[in-house]
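# Observations on the model geometry
Residue strings, one per chain:
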Amino acid sequence: MKAKRSVIPVFVPHLGCPRDCIFCNQRSIAAPKEPSMEELWVNIEESLSRSGDGAELAFYGGSFTAIDREKRLGYLKTAYPFIKSGRLSSIRVSTRPDCITADILDELEYYGVKTIELGAQSMENRVLMLANRGHTAEDTVQASEFIKSHGFTLILQMMVGLPGENSSSPGYTAERIAHLEPFGVRIYPVAVIKHTALEHMWRDGRYSPLSIEHAAGICSELIEFFEKRGIAVIRVGLNPTEELGGEVVAGVYHPAFGELCRSRIYLRRARELLAGKSFPNGIAEIVVSKGKTSVFIGQKRENVEKLKSEFSLRRIKVREEDVFGDIMRLK
């Protein structure tokens, strides 16, 4: 199995962002301030000394292509010697769909950027307007096609549970994102962060966030949808940190939300597997891929207990099999 490439994260909180989205307070959930060029150099050097050469440098938290050009070029030029020497394999940046031009793409390509992440968030213009995004779904389509035509790897980010959404919104956004054929997606159910417009809406009763249970059900279906189309699901839910834990006041925040979603997938698959079968001794034995037992069982054995109750089983045995792919079958 190919080793996973290490990533050196660099947070530039809110840098370049032309407005405050209602859900966002990057200064709370990321680093307190953007690094200086000297700090960036030291960070890269120290990270490579620990992880070895070949890591990817990733700029998160702001709209990289909207950063003041002098500062943006400063970051790229600081990293470029590591790219040229081969110590860094590539650079990844996150930005907005309305901050992509041909000149900027040429600049990014020259300095070693290979992956561009776009914050699409929704493909419904009404939802984007209510979120104060300042761009349209059509901007996302045009930017995505432009990025891919220039040879970059495209990753799209979507959110679930924004104001103005209805039950069909996540599926609609996922369909339109899949049509753009990105390499991967990140799925973020809404967490209500302190000192945001969304917090005020929630406290005033004008916004009701999704519960973790509801969000896990939606996101598990989105995971299956994207993966069946060959689109990698890179992350589901915010990356849990000690700092962020104290900033979330409502909504979806869970230390293992991605695993929770995948556990829901396993529960659905197990139900399909057991449906219509008889178990005279009340025991079912299910085979799963190596390393997937805990995901199948579920947190606090939730999946196993539900299946035992629904199918009148005394016991469910789980056995792992070291095979290629993600399997589930009855023994």
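Residues numbered from 1 in each chain as written. Predicted model: local features only at pLDDT ≥ 70, side-chain atom pairs only at ≥ 80, totals over all residues. Heavy atoms only, no water.

Sheet architecture is open: 7 strands sit in the order β1-β2-β3-β4-β5-β6-β8, paired in parallel fashion. Each of the sheet's edge strands pairs with one partner strand only, and the pair in question is β1 (7–11) and β8 (232–236). Strand-to-strand twist in this sheet, taken as the mean axis angle between neighbours without regard to direction, amounts to 20°. Judged from the 4 bridges that link them, strand β6 (residues 184–189) and β8 form a sheet pairing that is parallel. The partner of Ile-187 across the bridge, within β8, is Val-236. On top of the sheet, helix α7 (residues 169–179) reaches β4 (113–121), β5 (153–160) and β6; it is set at about 175° to β5, its chief contact. (Pairing = 2+ DSSP bridges. Helix = DSSP H or I, 4+ residues; strand = E, 2+ residues; numbered from the N terminus. Axes fitted to C-alpha atoms, helices over the stretch in contact; angles between N-to-C directions. Contact = heavy atoms within 4.5 Å.)

Our focus in this paragraph is the layout of surface pockets. In this structure, the second largest pocket encloses a volume near 410 Å³. What lines the second largest pocket is a set of 15 residues, and nearest its centre among them are Glu-227, Arg-262, Tyr-266, Lys-292 and Asp-326. Among the secondary structure elements, those contributing two or more residues to the lining of the second largest pocket are α9 (212–228) and α11 (257–274). No other element matches α11, which puts 4 residues into the lining of the second largest pocket. Class assignment for the residues of the lining of the second largest pocket results in 6 nonpolar, 2 polar and 7 charged. (1 Å grid on protein atoms, 1.4 Å probe; cavity = no way out; pocket = protein on both sides within 12 Å on 5 of 7 lines; lining within 4 Å. Points joined across faces, edges and corners; volume = space filled by probe spheres on them. Nonpolar A, V, L, I, M, F, W, Y, C, P; charged D, E, K, R; others polar.)

On to the environment of Ser-6. Inspection of the secondary structure puts Ser-6 in the segment before β1. For the pair Ser-6 and Ser-47, spaced 41 residues apart in sequence, the C-alpha to C-alpha distance is 9.5 Å. Not counting the four nearest positions on each side in its chain, Ser-6 is found in contact with Ser-51, Ala-55 and Glu-56.

Counted under the stated rule, the structure contains 23 salt bridges. Between Lys-148 and Glu-181 there is a salt bridge, and its shortest N-O distance comes to 3.9 Å. Residue Lys-148 is located in helix α6 (residues 137–149), and its partner Glu-181 is located in the loop between α7 and β6; the two are separated by 33 residues in the primary sequence. Residue classification places Lys-148 among the partly exposed positions, given a relative accessible area of 31%. The exposed category is assigned to Glu-181, whose relative accessible area is 57%. Put simply, Arg-319 and Glu-285 hold a salt bridge, and the shortest N to O gap is 3.8 Å. Of the two residues, Arg-319 sits in strand β11 (residues 315–321) while Glu-285 sits in strand β10 (residues 283–289), which places them 34 residues apart along the sequence. Residue class for Glu-285 comes out partly exposed when judged on its relative accessible area of 24%. (Salt bridge = Lys/Arg side-chain N within 4 Å of Asp/Glu carboxyl O. Buried < 20%, exposed > 50% of the residue type's maximum accessible area, 1.4 Å probe, protein only.)

A word on the packing of aromatic side chains. Geometrically, a pair of aromatic rings is defined through the distance of the ring centres and the angle of the planes. Tallied over the entire structure, the rule returns 8 aromatic pairs. With centroids separated by 4.5 Å and ring planes inclined at 55°, the aromatic side chains of Trp-41 and Phe-82 adopt a geometry described as tilted. With a gap of 41 residues between them, Trp-41 in helix α2 (residues 37–51) and Phe-82 in helix α3 (residues 69–84) connect regions that are remote in the sequence. Under the relative-accessibility criterion, Trp-41 is labelled partly exposed at 38%. A relative accessible area of 3% means that Phe-82 is categorised as buried. Aromatic pair Tyr-80 and Tyr-110: ring centres 5.7 Å apart, planes at 15°, arrangement stacked. One end of the pair, Tyr-80, is in helix α3; the other, Tyr-110, is in helix α4 (residues 102–110), with 30 residues separating them in the sequence. Linked through ring pairs, Phe-59, Phe-64 and Tyr-75 together constitute an aromatic cluster. (Phe/Tyr/Trp six-rings, centres within 6.5 Å; stacked < 30°, edge-to-face > 60°.)

A cluster of basic residues, Arg-314, Arg-315, Lys-317 and Lys-331, forms a positive patch at the surface. Mapped onto the fold, Arg-315 is located in strand β11. (Patch = residues over 30% accessible without salt bridge, like charges linked within 9 Å, V, L, I, M, F, W, Y side chains within 5 Å. Areas by Shrake-Rupley, 256 points an atom, 1.4 Å probe, with all protein chains shown as cover. Lys, Arg positive; Asp, Glu negative; His and termini not counted. Charge placed at Lys NZ, Arg CZ, Asp CG, Glu CD.)

Looking now at the packing of α7 against α9. Interhelical geometry of α7 versus α9 gives an angle of 20° and a closest axis separation of 11 Å. Taken together, the axis directions place α7 and α9 in an arrangement best described as roughly parallel. Crossing geometry of α7 relative to α9 is assigned as right-handed. In contact with Pro-170, Ala-174, Glu-175, Ile-177 and Ala-178 of α7, α9 contributes Ile-218, Leu-222, Phe-225 and Phe-226. Classifying every residue of the contact of α7 with α9 by side-chain character gives 8 nonpolar, no polar and 1 charged. (Parallel < 35°, antiparallel > 145°, perpendicular 65-115°, else oblique. Left-handed = near helix turned anticlockwise from the far one by under 90°.)

So, to be careful, I would describe these as geometric facts and stop short of saying anything about function.
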